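Report on the structure
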Amino acid sequence: GLEFDDVRPYQYGDDIRTIDWNVSAKGHGTFVKTFREEKEQTVFFILDVSASQEIGAKGRTKVDIGTEICGVLSLSAVKESSHVGLICYSDQRELYIKPTKGVSQAYQIIHGLVHLKPQSLKTNLNKAMAFVLNAIKRRSVIILISDFIDDQEYFDNLKALARRHDLVMIHVSDKRETKLPKLGIVPVVDKETKKTLWVNTSFSDFRQKISKRLQDRKSTLERFSRKHQINFISLDTDEDFVPKLLRLFKVRNRSVKTT
């Protein structure tokens with residue numbers, strides 16, 4: 001684990017992602033952040049378990065992928081002697097496991113995820129992040145896993161979360177949400193409200209609008225992450241997430257190396 005230590009003048013070969021733009025903007029040169037090793041870090045998984053996460057093939061829904069990622073990374077984190085905790089959220093707190101060390105903690109997290117039956121169908125990411133900001137006082141690695149589908153504005157709390165913690169965002173989507181087949185007029189059930197809408201999937205304009213909406217959301221999240229120095233990856237339920245996770249953490253390791 002590494003935590004922020006100080007800033008120093010930029011040197012040729014430094015990763016530009018370590019530049020501290022706030023300090024550099026004062027006009028005295030370009031400065032990069034330096035880090036020091038922290039022997040005991042805390043890793044918190046924040047998993048969206050609202051009903052929209054249940055979209056996908058059997059055993060490969062968005063929430064299944066989120067559960068697998070939490071399980072894999074929990075086992076990895078406890079092997080590095082990290083404290084690991086979990087918060088599952090819909091529009092209310094569904095599960096909270098306080099952080100601690102040890103392999104038994106990872107198995108407790110996996111057990112809790114596998115047997116969780118959320119009480120609410122709805123999503124409120126803003127409320128979830130507000131809870132995290134109040135509950136987690138010590139700077140931690142926050143791994144937020146969601147489809148980020150929410151009608152309410154949540155970027156202010158997301159920015160606050162990135163300022164206070166080391167934030168990693170994992171966006172999970174499913175092709176059923178964007179690549180609708182031409183089936184004519186079909187009923188579509190909203191997972192969270194349980195309302196049924198009849199839509200004409202034969203219209204190419206309709207399919208394009210659905211696809212564009214997801215792409216716009218993904219692009220917005222990517223831009224926001226770059227601006228606020230957040231690690232971000234986007235996954236589909238039918239792909240192997242391990243290579244992308246490996247690349248993500250290799251990038252994280254390179255970005256905190258100092259000369």
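Use the structure listed above.
Notes on the structure follow. Remember, predicted model here, so these are calculated numbers, not experimental data.

1. Considerations on the nonpolar core
Ranked by size, the top nonpolar core spans 31 residues in total, and within it Phe-45, Ile-69, Leu-86, Cys-88, Ile-143, Ile-145 and Ile-170 carry the most contacts. Ranked by residues supplied to this core, first place goes to helix 2 (residues 62-79) with seven residues. When neighbours within four sequence positions are excluded, Ile-145 is seen to be in contact with Ile-46, Leu-47, Asp-48, Gly-66, Ile-69, Cys-70, Ile-170 and Val-172. Counting 26 residues, the second-largest nonpolar core is a separate cluster that includes Ile-87, Phe-131, Tyr-154 and Leu-167.

2. Some details on the packing of helix 2 against helix 3 (residues 103-114)
Contact geometry for helix 2 and helix 3: axes closest at 8 Å, N-to-C directions at 170°. Judged by the inter-axis angle, helix 2 sits roughly antiparallel to helix 3. Contact residues: helix 2 offers Thr-67, Cys-70, Gly-71, Ser-74, Leu-75 and Val-78, while helix 3 offers Val-103, Ala-106, Tyr-107, Ile-109, Ile-110 and Leu-113. Among the residues forming the contact of helix 2 with helix 3, the class breakdown is nine nonpolar, three polar and no charged.

3. Things to note about the pattern of salt bridges
Counted under the stated rule, the structure contains seven salt bridges. The shortest N-O distance in the salt bridge between Asp-236 and Lys-175 comes to 3.5 Å. With a gap of 61 residues between them, Asp-236 in strand 12 (residues 231-236) and Lys-175 in the loop between strand 9 (166-173) and strand 10 (185-189) connect regions that are remote in the sequence. Judged by its relative accessible area of 11%, Asp-236 is buried. In the salt-bridge network here, residues are joined through shared partners; they are Lys-175, Asp-236 and Asp-238.

Parameters at a glance
- Residues numbered from 1 in each chain as written.
- Predicted model: local features only at pLDDT ≥ 70, side-chain atom pairs only at ≥ 80, totals over all residues.
- Heavy atoms only, no water.
- Core = buried A, V, L, I, M, F, W, Y, C linked by side-chain atoms within 4.5 Å.
- Buried < 20%, exposed > 50% of the residue type's maximum accessible area, 1.4 Å probe, protein only.
- Helix = DSSP H or I, 4+ residues; strand = E, 2+ residues; numbered from the N terminus.
- Contact = heavy atoms within 4.5 Å.
- Axes fitted to C-alpha atoms, helices over the stretch in contact; angles between N-to-C directions.
- Parallel < 35°, antiparallel > 145°, perpendicular 65-115°, else oblique.
- Nonpolar A, V, L, I, M, F, W, Y, C, P; charged D, E, K, R; others polar.
- Salt bridge = Lys/Arg side-chain N within 4 Å of Asp/Glu carboxyl O.

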